[in-house]
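Next come the chains, spelled out residue by residue.
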Amino acid sequence: MINLNNLVIANHLLSVSDFSPDINIAFAIDKNYLKPCGVTIFSIIKNNSDLKIKFHIFTTYFDESFFNELIAENIQIEVHILKTDYFDQLQTTGHFTTAIYYRLSIANILNNKVDKFIYLDADILCSGSIKELLNLELNDHLLCAVRDSSMKVQDITNLGLPKNQLYFNSGVLLINTKKWLDFKVFEKFTQLINKKNYEYPDQDVLNIILKDHTYYLDEKFNYFSKNPIAPVFTHFVSTPKPWSICAINNESYLEYYYQSPWRNIPLDAPRNYKEMKKYAKKLWFRRNFLQSFKWFYMYLIGKLKQ
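Attention here is on the structure that accompanies the text.

Scoring rules and cut-offs
Residues numbered from 1 in each chain as written. Predicted model: local features only at pLDDT ≥ 70, side-chain atom pairs only at ≥ 80, totals over all residues. Heavy atoms only, no water. Patch = residues over 30% accessible without salt bridge, like charges linked within 9 Å, V, L, I, M, F, W, Y side chains within 5 Å. Areas by Shrake-Rupley, 256 points an atom, 1.4 Å probe, with all protein chains shown as cover. Salt bridge = Lys/Arg side-chain N within 4 Å of Asp/Glu carboxyl O. Lys, Arg positive; Asp, Glu negative; His and termini not counted. Charge placed at Lys NZ, Arg CZ, Asp CG, Glu CD. Helix = DSSP H or I, 4+ residues; strand = E, 2+ residues; numbered from the N terminus. 1 Å grid on protein atoms, 1.4 Å probe; cavity = no way out; pocket = protein on both sides within 12 Å on 5 of 7 lines; lining within 4 Å. Points joined across faces, edges and corners; volume = space filled by probe spheres on them. Nonpolar A, V, L, I, M, F, W, Y, C, P; charged D, E, K, R; others polar. Axes fitted to C-alpha atoms, helices over the stretch in contact; angles between N-to-C directions. Left-handed = near helix turned anticlockwise from the far one by under 90°. Contact = heavy atoms within 4.5 Å.

**Things to note about a positive patch on the surface**
Step number 1: On the surface, Lys274, Lys277, Lys278, Lys281 and Lys303 cluster together into a patch of positive charge.
Step number 2: Of the residues forming the positive patch, the biggest block, 4 residues, is contributed by helix 10 (residues 273-285).
Step number 3: Relative to the elements of secondary structure, lysine 274 occurs in helix 10.

**Brief notes about the layout of surface pockets**
Step number 1: Here the second largest pocket defines a volume of roughly 710 Å³.
Step number 2: Considering the residues around the second largest pocket, the lining is formed by 25 residues, among which Phe236, Ser238, Ile248, Asn249 and Asn250 are closest to the centre.
Step number 3: Contributing elements (two or more residues each) for the lining of the second largest pocket: strand 10 (233-235), helix 9 (251-257) and helix 10.
Step number 4: A class-by-class count of the residues in the lining of the second largest pocket yields 10 nonpolar, 8 polar and 7 charged.

**Some details on the packing of helix 7 (residues 185-192) against helix 8 (residues 201-209)**
Each packed pair of helices is defined by two parameters, the angle between the axes and the distance between the axes.
Step number 1: Packing of helix 7 against helix 8 brings their axes to within 10 Å, and their N-to-C directions diverge by 115°. Of the two elements, helix 7 crosses helix 8, and the hand of that crossing is right-handed. On helix 8, the residues touching Val185, Lys188, Phe189 and Leu192 of helix 7 are Pro201, Asp202, Val205, Leu206, Ile208 and Ile209.
Step number 2: Among the residues forming the contact of helix 7 with helix 8, the class breakdown is 8 nonpolar, no polar and 2 charged.

Following this line, the structure appears as structure tokens:
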């Protein structure tokens, strides 16, 4: 069993003033998501200038040079550097890394400091006010989240859940700190995670544990469908991510990216042969045929090496 008292090995507070925040917002990331996390924070600040917000970043690496630009009188950022030996032993699938597990310890680390907090994935863009979440009464609910309606009934029943059970996406969570700790979520998670292989390891297990303890929020707070609504949080759940040159339909993200402290840093290049193919197609539709042929050739070479 992990010793949660030794999980944080360093703290860094970026701030120009001390205040009591209206809301605490937490991220759990590895080095690769540091820039996207910053863009997410930038988008929240831009659309919520009337709020005092404290951001918590749980990570293994941090470079404060760009984040200093985000600090204002109503903004604090605290970075918690984690020791991740335990998490690094857990299962991963697809593009997920063991950083998906860092969020599980946030309530334990923030215990006695915050009553509730919003957890966000770093592939999220804020385009509206979050005040509604501030005023939401959790009462006896341990967690507030948004339903993932794309989950198939068979996938839900394979987890041992009833076929009519709602399944939530874990990218946006409003967490009741005391209830989370009283229910021993972290301890129950450690008992289940190695029972079998999961497609979405952390999310699947949280859905099993919290099936009767979740209040479901409106889709606008974790929007990743094609429904015609005005989102507060847009979640870019698929790959490539919107900060990649091969991403499509990422105009809304780029609008904030090119205003943020990271505006002069080029978008990420394709990471593998599949993304090379997507970028070649994107260039073709833009009638940039020469570059399209170049990237399609690189895709073929990359595929042959697999």
